[in-house]
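So you can see what is in the structure, the chains are spelled out below.
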Amino acid sequence: RALLNSLMGLSRDDKEQRDDEWRSDEVCRYYLVGYCPKDFFKATKRELEPCRKTHADVIKQKFESHPENAKYRLQYEKEFLAYLEELVVEADNWVEREKGNVRGPGSQIVIPVDQKPKYDQQIEQQQKLLAESERLAENLDVDGAKSLMQQAAALQTAIDEVKK
């Protein structure tokens, strides 16, 4: 049935074909304006439940040829954007939870008191080098930007040594 719906549309059995079957609640609005994100993320830890709605090219063509397409497209795209933003928030929250699992409790980095000022200075200097490198790259000074990036990388090595 789902295959027939996707190939021929929802009104395939009706004697009179409908031009507005894309308005049905059984049709995936995300698919109409682009793609259905539920079709992605399969066989991953972030797998979404499969979409139970109809994804039919025939219906999508009817939607695109409808006289009021722009009005409905805008509405559906807003819904789609809100759904994608919700997915991003959920993924960000998942990442934050997993970061705690990776580090483990009580394994925070402790910088010795006598090295803390030097450590803070190196961090600040590295950030300045990276910002200046970015500015040079934007002004097409590739060699200067590369030189500053190498200095920043050397500082990162020194910072990592302090962390050990």
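All figures in this text were calculated on a predicted structure; none of them were measured in a lab.

## Topic: the side chain of K60
Mapped onto the elements, K60 comes out in helix α3 (residues 57–65). For the buried K60, no salt bridge exists, and the shortest N-O distance to an oppositely charged side chain is 4.8 Å, to E64. In this structure, K60 is in contact with Y31, L32 and G34, ignoring residues within four places of it in sequence.

## Thoughts on unusual backbone geometry
Backbone geometry places L140, a non-glycine residue, at a positive phi of 65°. When you line up the elements, L140 lands in the loop between α5 (116–138) and α6 (142–163). The exposure class of L140 is exposed, given its relative accessible area of 73%.

## Observations regarding the nonpolar core
In terms of nonpolar packing, the biggest core is built from 18 residues, with W22, C28, L32, I59, F63 and Y76 touching the most fellow members. Mapped onto this core, the elements with two or more residues apiece are α2 (29–32), α3 and α4 (69–103). Among the elements that make up this core, the one with the highest residue count is α4 (5 residues). Counting 6 residues, the second largest nonpolar core, distinct from the first, contains L129, L136, A145 and L155.

## A short note on the environment of K163
Summarising the element assignment, K163 is placed in helix α6. Placed 53 residues apart in sequence, K163 and V110 show a C-alpha to C-alpha distance of 7.3 Å.

## What about the confidence of the model for the protein?
When the pLDDT values of the protein are averaged, the result is 80; 82% of them are 70 or greater. The weakest mean pLDDT in the protein belongs to helix α1 (residues 2–8) at 53; the strongest belongs to α2 at 92.

Definitions and limits used
- Residues numbered from 1 in each chain as written.
- Predicted model: local features only at pLDDT ≥ 70, side-chain atom pairs only at ≥ 80, totals over all residues.
- Heavy atoms only, no water.
- Helix = DSSP H or I, 4+ residues; strand = E, 2+ residues; numbered from the N terminus.
- Buried < 20%, exposed > 50% of the residue type's maximum accessible area, 1.4 Å probe, protein only.
- Lys, Arg positive; Asp, Glu negative; His and termini not counted.
- Salt bridge = Lys/Arg side-chain N within 4 Å of Asp/Glu carboxyl O.
- Contact = heavy atoms within 4.5 Å.
- Core = buried A, V, L, I, M, F, W, Y, C linked by side-chain atoms within 4.5 Å.
- pLDDT = per-residue confidence, 0-100.

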